[in-house]
Amino acid sequence: MATITTEKRPAHHEGAHAGPHEHGEPGFLRKYVFSTDHKVIGIWYAVTGLLFLFFGFCLVMLMRWQLAFPGQPLPLIGGLFGEARMPGGSMLPEFYNELGAMHGTIMVFLGVVPLAVGGFGNFVLPLQIGAPDMAFPRINLASYWSYFLGGVTMLASFFVPGGAAQSGWTSYAPLSVIAGQGQTMWLIGMIFLITSSLLGALNFIATTVQLRAPGLTWFRLPFFVWAQLVTSFLLLLAFPPLEAAGVLQLMDRLAGTSFFMPTGLVVSGQAVAYTGGGNPLLWQHLFWFLAHPEVYVLILPALGIVAEVIANNSRKPLFGYKIMVYSLWFLGFMSFVVWAHHMFFTGMGTTMAAFFQTTTMIISIPSVAILTSLIISLWGGSIRFTTPMLFALAFLPMFGIGGLTGLPLGLSAADIPLHDTYYVIGHFHYVVAPGTLFALFAGIYYWFPKATGRRMSERLGKIHFWPSLLCINGIFMPMFIQGLAGVSRRLYDGGAAYDFAKDVAHWNVFMSYSAWGLALAQIAFIVNFFWSIRHGEKVDDNPWQATTIEWAAPSPPPHGNFTTPPTAHRGPYDYSVPGAPQDHSPQWAS
Amino acid sequence: MEIPYTVAERPDTGLNNGKIGIWLFLASEVMLFGALFASYLMMRIGAAEWPRGDSILNVPLATLNTVILISSSVTMVMAWASLKRNDFGKFRLFMGGTVLLGFGFLIIKYIEYSAKFHHGLFPSTNTFLAIYFTLTGLHGLHVVGGMAVNAYFWGPGSKLWKTDPEHFTNRVENSGLFWHFVDLVWIFLFPVLYLL
């Protein structure tokens, strides 16, 4: 490892490997649309991801109307959705199912992952390791456009006859196999998205392994880089089984095979036209083999962002940096052997259940180790309550609630009564919404000055933060109450038809108002984002007085990133070193 | 701007970027085919009866295809070795041979498929044929992909040899790694589907 400090980068051979982008000033399309620059691709990823997050949020706001006021016509915009979806402005169950399935799909695969990995990973990772770009810039561009095509396919599926996929974001067979054409579009869209994440993941890994700056040894890497690296391995190895599952489901739907169709299946009183012999559980196994690691794909980049923001704003090194890194790898590895805890409900035997609940309890240990390290990192720091720090601080208890409410779900005896209730919805939304999404907001506020040379408004940032925190808890906290009362999470009327739900159904109105309030709070963010691009306070290259290498580059960094290739001289978080001339000793300063 | 280690090896990792990229890609391919083989197991364990492969499929033709694919792996290595020995003419010969052998494999596969369709055996007939057509079909797509890349390096892609021979040799080595992987998948497919 130490040998890197002395090695030289290969000299530039004029014309030897000149790519097309090296001939003179690139045109508009090459510079901004089809650029192979990791920063441009990262920003494209982030903006597209944010748009999809907004779209996915709109879908769920429609659902929340139906849950709060079942069957009542939606005022003002209810007529826009057509008689096939909302006759007279009141929602049909089929449309509700479409919204539910597509909300999950869009939020996970088109919103959070592209923003967290495609956006932040692309923009920040090469800068943090002092690289001029990704290892494979053209594959990077292909990754974005594959994601884009996947997104377009998913959006187009709303307009095919029968509407978009309606079998949940999990697309459980045999329901999904006999569903309408929207499901075929869903599968094709997923294959584009899987291709995109494969290309992105191998690029991130190759870049981290190969393009670290001289002196940047493994344990000098910022925690964010480690988080992206483990995430990339999860994407690389967990997504292909879903691709296999997608191919098998496509075969079932298009070629009439029976991979997921059991013998003698009767639907609506009629035997289905399949020879049978298949196994619906096979879909669940293949799906969750991806989708459990996917949970960590959603959370690890968020942990990486929070670690950066907390170290920077507490002016202290991270507590237990190495423990955190080892925990990360252990977490990544264990995430491949816990998937069937999503399937306790399928009647699995006690031996299998015992195995998966044991691994599930084990995987909570590294998660707690990382979260505890982050909390202890605050101890004795001189904390600056900047907007990114507020979001990062809110992440800690929110993710904590999400994690701790997951423990009963990991034990099959407790999971079976809770599994199909709103408790589960509350649990994983606490992890992903006030957890991951808050971390992503922290990241946007934190790295915005690097991307634009201007800081986002602190005042609007705080107007964004406090109502968001209140409203998001207003949405998800009552879900635990409803879930513990036994309200099923799959009801189109929010439980209004059931007597036992009477005492808790009124929470639906409160939750829906909270959701719409959350939407209003995002206006502050949207205004802040666009206003700050042109009018934000101009800042120097290192406005947060940070130590990691991305802050050595000019803001915004030019194509190629650094004016002089940086060298790392120390670890990533040398804040408040006794005897140092200032409270931060940057990695690149000799 | 230039990306470091596109051609030269990074001293502490001993790899160039392309090499690590292709190995990572193959790792994900292992997971793809691994999941499909696992699905095969689950189908077979759950089936009331499962036909022996040789009672339905054409073993002699598949054996011939195995020989063809293994030979194409040999010519692939020879193509790369010729570049290492600086013999571009031999490279053209062996690389062309690799592509032609891949083509031969596909023709035999076509004969097999159409014979099945003639006898009314389709993917929807039973789960054995479903997994047979899915696995061999996906493998066939990989053969087509590998042939496309190899044909590119045989033809227009070989211009790089004149400007940067080392880079070109590395590319051929990487496409060879993929080709050997496709070969290896067949080595598993053949006994699992045809013989067991």
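Computed from a prediction, not measured in an experiment: that's the story for all the values here.

Q: Quick question: what am I supposed to make of the overall build of chain A here?
A: Counting its regular elements, chain A contains 16 helices and four strands. The C-alpha radius of gyration computed for chain A amounts to 24 Å, which stays within 12% of the reference 25 Å derived for 590 residues, consistent with globular compactness. A principal-axis box enclosing the C-alpha atoms of chain A has dimensions of 75 × 55 × 50 Å. Expressed as a percentage of the 590 residues in chain A, the buried residues total 55%. Within chain A, contacts between residues separated by at least 24 positions form 79% of all contacts whose residues are at least 6 apart in sequence.

Q: What is the right way to look at the overall build of chain B in this model?
A: When helices and strands are counted, chain B shows six helices and zero strands. When the helices and strands of chain B are placed in sequence order, the string is α-α-α-α-α-α. Along the three orthogonal principal directions, the C-alpha set of chain B runs to about 60 × 35 × 25 Å. Counting over 196 residues, chain B shows a buried share of 39%.

Q: Would you mind showing me how to read the environment of Leu-193 of chain B here?
A: Residues and elements named next belong to chain B. With respect to the element layout, Leu-193 can be found in helix H6 (residues 165-195). Sequence spacing of Leu-193 and Gly-176 is 17 residues, and the spatial spacing of their C-alpha atoms is 25 Å. When neighbours within four sequence positions are excluded, Leu-193 is seen to be in contact with Gly-53, Leu-57, Tyr-132 and Leu-135.

Q: How do you make sense of the environment of Ala-505 of chain A when you look at a structure like this?
A: Residue and element names in this part refer to chain A. Tracing the sequence through the fold places Ala-505 in helix H15 (residues 502-505). Assessed through the 22 C-beta atoms surrounding it within 10 Å, Ala-505 is described here as buried. Among all residues touching Ala-505, those that are not within four sequence positions of it are Gly-494, Gly-495 and Ala-496.

Q: Even after reading the chapter, I still don't get helix H3 (residues 93-128) of chain A, so can you show me in this structure?
A: Each α-helix turn comprises 3.6 residues. Residues three or four places apart therefore point the same way. The sharpest bend along H3 of chain A comes to roughly 50°, located at Pro-114 of chain A. At the exit of H3 of chain A stands Gly-130 of chain A, carrying a positive phi of roughly 75°.

Q: Can you walk me through the interface of chain A and chain B in this structure?
A: At the junction of the two partners, chain A supplies 43 residues and chain B supplies 38 residues. Of all the elements in the fold, those that place two or more residues in the side of chain A that touches chain B are helix H5 (181-210), helix H6 (223-255) and helix H7 (280-314) of chain A. Per-element tally for the side of chain A that touches chain B: the top contributor is H6 of chain A, with 10 residues.

Q: Please explain the packing of H6 of chain A against helix H8 (residues 321-334) of chain A as it appears in this structure.
A: Axis angle and axis distance: for two packed helices, these are the angle between their axes and the distance between the axes, and together they describe the pair. Residues and elements named next belong to chain A. As a packed pair, H6 and H8 sit with axes 10 Å apart at the nearest point and diverge in direction by 10°. In this view, H6 runs roughly parallel relative to H8, as classed from their interaxial angle. Contacts from Phe-223, Trp-226, Ala-227, Val-230, Phe-233 and Leu-234 in H6 reach Tyr-321, Met-324, Val-325, Leu-328, Trp-329 and Gly-332 in H8. Looking at the contact of H6 with H8, its residues break down into 11 nonpolar, one polar and no charged.

Q: Any chance you could explain the packing of H6 of chain A against helix H4 (residues 127-154) of chain B here in plain terms?
A: For the pair H6 of chain A and H4 of chain B, interaxial distance at closest approach is 11 Å and the crossing angle is 125°. The angle between H6 of chain A and H4 of chain B places the two elements in the oblique class. Like other packed secondary-structure pairs, H6 of chain A and H4 of chain B cross with a definite hand, here right-handed. Contact residues: Val-247, Leu-248 and Met-251 of chain A in H6 of chain A; Ala-130, Thr-134 and Leu-138 of chain B in H4 of chain B. Here the contact of H6 of chain A with H4 of chain B is composed, by residue class, of five nonpolar, one polar and no charged.

Q: Help me understand helix H9 (residues 350-377) of chain A in this model?
A: All names here are of chain A. Its 28 residues place the ends of H9 41 Å apart at the C-alpha level, agreeing with the 40 Å of an ideal helix rising 1.5 Å per residue. Every buried residue of H9 is listed here: Phe-356, Gln-357, Thr-360, Ile-363, Pro-366, Ser-367, Ile-370, Leu-371, Ser-373, Leu-374 and Ser-377. At its buried positions, H9 is contacted by H7, H8, helix H10 (387-404), helix H11 (407-410) and helix H12 (412-418).

Q: Whenever I open this one, the environment of Glu-49 of chain B confuses me. Can you help?
A: Residue and element names in this part refer to chain B. Along the chain, the position of Glu-49 falls in the loop between helix H1 (17-46) and helix H2 (59-84). Look at Glu-49 and you get exposed, because 7 C-beta atoms sit within 10 Å. Taking the C-alpha atoms as reference, Glu-49 lies 40 Å from Ile-22; in sequence the two are 27 residues apart.

Q: How should I be thinking about unusual backbone geometry in this particular structure?
A: Among all residues save glycine, negative phi is the norm, and among peptide bonds the norm is trans. All names here are of chain A. With an omega of 0°, the peptide bond between Ala-173 and Pro-174 qualifies as cis. Structurally, the position occupied by Pro-174 is in the loop between helix H4 (137-156) and H5. Cis geometry marks the peptide bond from Ser-555 to Pro-556; its omega dihedral reads -10°. The phi torsion at Asn-561 lies on the positive side, around 75°, for a residue other than glycine. Of note, Asn-561 is situated in the segment after strand S4 (537-538). For Asn-561, a count of 23 C-beta atoms within 10 Å corresponds to the buried category. Non-glycine residue Ser-576 carries a positive phi angle of around 50°. Tracing the backbone through its elements, the reader meets Ser-576 in the segment after S4. The class of Ser-576 is partly exposed, set by 17 C-beta atoms lying within 10 Å.

Q: Hey, could you run me through the confidence of the model for chain A in this one?
A: Should the pLDDT be low somewhere, the predicted coordinates at that spot are not to be read in detail. Residue and element names in this part refer to chain A. A residue-level look at chain A finds 96% of positions with pLDDT of 70 or above and a mean pLDDT of 94. No element of chain A has a lower mean pLDDT than helix H1 (residues 28-33), which averages 82, and none a higher one than helix H14 (residues 458-484), which averages 98. Taken as a whole, residues 1-22 scores under 50 in pLDDT and shows 27 contacts with residues more than four places along the chain or in a different chain.

Q: It is not clear to me how the confidence of the model for chain B should be interpreted in this structure. Could you clarify?
A: In this model, chain B carries an average pLDDT of 96, and 100% of its residues clear a pLDDT of 70 or more. Interface confidence for the predicted complex, given as ipTM, is 0.96, next to a pTM of 0.95.

What counts, and at which threshold
Chains are numbered independently. Their residues run from 1 in the order of the written sequence. The naming scheme follows written order: chains are lettered A onward, ligands numbered 1 onward. Where local features are concerned, this predicted model is filtered to residues with pLDDT of at least 70; where side-chain atom pairs are given and counted, the filter is 80 or more; whole-chain, interface and lining totals use all residues. Secondary structure elements follow DSSP: runs of H or I of four or more residues count as helices, runs of E of two or more count as strands, with numbering from the N terminus. For the radius of gyration, the atom set is restricted to C-alpha positions; the globular benchmark scales as 2.2 Å times the number of residues to the power 0.38. Exposure classes come from backbone-placed C-beta atoms, where a residue is buried if 20 or more other C-beta atoms lie within 10 Å of its own, exposed if 12 or fewer do, and partly exposed in between. Placing a C-beta atom from the backbone of each residue, one calls two residues in contact when those atoms lie within 7 Å. Here the bend at each residue means the angle between axes fitted to two seven-residue stretches, the one ending at that residue and the one beginning there. In this analysis an axis means a line fitted to C-alpha atoms, helices contributing only their contacting stretch, and an angle means the value between N-to-C directions, from 0 to 180 degrees. Roughly parallel refers to an angle under 35 degrees, roughly antiparallel to one over 145, roughly perpendicular to one between 65 and 115, and oblique to any angle outside these ranges. Residue type decides the class: Asp, Glu, Lys and Arg count as charged, Ala, Val, Leu, Ile, Met, Phe, Trp, Tyr, Cys and Pro as nonpolar, and the leftover types, Gly among them, as polar. Helix crossings are classified by the rotation of the near helix relative to the far one: an anticlockwise turn of less than a right angle makes the crossing left-handed, while a clockwise turn makes it right-handed. Helix span, as expected, comes to 1.5 Å for every residue beyond the first. Values of pLDDT, which run from 0 to 100, indicate the predictor's confidence residue by residue.

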